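# Observations on the three-dimensional arrangement
Below, each chain spelled out in residue letters.
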Amino acid sequence: MNVTVVRDGAIATVSIDRPGKLNALDHTTRWQLIDALRNVAADTEVRAVVLAGTGRAFCVGQDLSETDELVHADETVAGSYNPIVQIIADMPKPVIAAVNGPAVGAGMGLALACDQRLAAESASFACAFGKVGLVPDSAVSWYLVRELGYARAFWFAASGRSIGAAEAHALGLLNEVVPDDELAARAHNLAELLASGPAYALALTKKQFRTVGEVSFEAALAIEARHQGAAAEHPDHVEGRTAFAEKRRPRWS
């Protein structure tokens, strides 16, 4: 298997496992990743997900040795790359990227698609599509323009330059940079923190935050009101109020 899933209570760690190929994404790996992400998304016992890479890379993007996949690259992207980032975005639970090394091209897209992004000090990021005469995909353009602004996003893509974890953090692409040997533990601790929260409210919050940037102010207010109504009717809200009154930790459903 090129993708592994390890369960630890309410946390699922999904790892791309082609270390000899720096976790490059061939056809088999992409479809195994789609299946793994769909399974953890549908598993009601999983409350937080960590996305990781094995070996010395997070993911270097498309396996360029599979040249047949680039003959109809539009179909390749629409058929397997887009579903991966869409599943991460739509998953009703937080997904944490644990970037242990190079995240290049579509590999950077996988990290950007996650709700929280942690990186080891030795990690690096590159929008390297132009170096092989291609354009950004896997939602890279969507995230970079929104988080860096047009000019910086365009230069990052056009130059193909690689940036280290510290610069990526300074640009706002990462939540946190940690020593290499602490990355896995820190990602797991963050997953534990998120998994211990009110799952229904967090799912609505994720959906809300991924939506409001694309709608009008009035539409955003309407979304907030609708989601608040749904959250207030959920048993977790009653438990949260009761725990607050009783000065104890809530026991979320």
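My aim in this report is to walk through the structure given alongside it, one point at a time.

### Some remarks on the overall build of the protein chain
When its secondary structure is counted, the protein chain shows 10 helices and nine strands. Relative to its length of 253 residues, the protein chain is compact, with a C-alpha radius of gyration of 19 Å against a globular reference of 18 Å. C-alpha extents for the protein chain along the principal axes are approximately 60 × 40 × 35 Å. Here the protein chain, with 253 residues, has 44% of them falling under the buried criterion. Put simply, of all contacts in the protein chain between residues at least 6 apart along the chain, 69% involve residues at least 24 apart. Element-wise, carbon and sulfur atoms account for 57% of the exposed surface of the protein chain, whose accessible area totals about 12600 Å². Taking the average place of the 23 positive charges on the side chains of the protein chain and the average place of its 30 negative ones, the gap between the two points comes to 5 Å.

### Considerations on helix α9 (residues 217-232)
When the terminal C-alpha atoms of α9 are compared, their 22 Å separation across 16 residues agrees well with the 22 Å that a helix rising 1.5 Å per residue should span. Residues of α9 that are buried: A220, I223, H227 and A231. All buried residues of α9 lie within an arc of 65° about the axis, which places them on one face of the element. The outward face of α9, more than 90 degrees from its buried face, is lined by the exposed residues E218, A225, R226 and Q228. Packing partners of the buried residues in α9 comprise α8 (199-212) and α10 (235-246).

### Observations concerning the side chain of R18
Assignment of secondary structure puts R18 in the loop between β2 (11-16) and α1 (27-42). On the basis of relative accessible area, R18 is assigned to the buried category, the value being 13%. Setting aside its immediate chain neighbours within four residues, R18 contacts N2, N23, A24, D26, T29, T54 and D63.

### Notes on the nonpolar core
One finds L33, L51, V99, M108, L110, F125 and L144 to be the most contacted residues of the largest nonpolar core, which totals 50 residues. I96, A98, A120 and A195 belong to the second largest nonpolar core, which has 14 residues in total.

### Looking at a nonpolar patch on the surface
On the surface, a nonpolar cluster with roughly 310 Å² of combined accessible area is contributed by L64, L70, V132 and L134. The topology assignment puts L134 in the loop between β7 (124-126) and α4 (140-148). Overall, the relative accessible area of 36% leaves L134 in the partly exposed class.

### Overview of the packing of aromatic side chains
Across all of its chains, the model carries two aromatic pairs by this definition. Aromatic side chains W142 and Y143 sit 5.2 Å apart centroid to centroid with 75° between the ring planes, which places their arrangement in the edge-to-face category. In this structure Y143 comes out as buried when scored by relative accessible area, which is 9%. Centre to centre, the rings of Y150 and F154 are 5.9 Å apart; their planes meet at 20°, and the pair counts as stacked. Here the residue Y150 and the residue F154 both occupy positions in helix α5 (residues 150-159), the gap between them amounting to four residues, near one helical turn. We classify Y150 as exposed; its relative accessible area is 59%. Positioned over the ring face of W142 is R146, at 3.9 Å from the centre of the ring.

### Things to note about the environment of S138
Within the secondary structure, S138 is located in the loop between β7 and α4. Judged by relative accessible area, which is 2%, S138 ranks as buried. Ignoring any residue separated from it by four or fewer positions in sequence, one finds S138 in contact with Y81, V85, A106 and G109. Among the polar contacts listed, one links the side chain of S138 to the side chain of D137, at a separation of 2.9 Å.

What counts and how
- Residues numbered from 1 in each chain as written.
- Predicted model: local features only at pLDDT ≥ 70, side-chain atom pairs only at ≥ 80, totals over all residues.
- Heavy atoms only, no water.
- Helix = DSSP H or I, 4+ residues; strand = E, 2+ residues; numbered from the N terminus.
- Rg over C-alpha atoms; globule rule 2.2 N^0.38 Å.
- Buried < 20%, exposed > 50% of the residue type's maximum accessible area, 1.4 Å probe, protein only.
- Contact = heavy atoms within 4.5 Å.
- Areas by Shrake-Rupley, 256 points an atom, 1.4 Å probe, with all protein chains shown as cover.
- Lys, Arg positive; Asp, Glu negative; His and termini not counted.
- Charge placed at Lys NZ, Arg CZ, Asp CG, Glu CD.
- Expected span 1.5 Å × (residues − 1).
- Arc of directions from axis to C-beta.
- Core = buried A, V, L, I, M, F, W, Y, C linked by side-chain atoms within 4.5 Å.
- Patch = residues over 30% accessible without salt bridge, like charges linked within 9 Å, V, L, I, M, F, W, Y side chains within 5 Å.
- Salt bridge = Lys/Arg side-chain N within 4 Å of Asp/Glu carboxyl O.
- Phe/Tyr/Trp six-rings, centres within 6.5 Å; stacked < 30°, edge-to-face > 60°.
- Lys NZ or Arg CZ within 6 Å of the ring centre and 35° of its normal.
- Polar contact = N/O pair within 3.5 Å; in protein donor to acceptor, adjacent residues only side chain to side chain.

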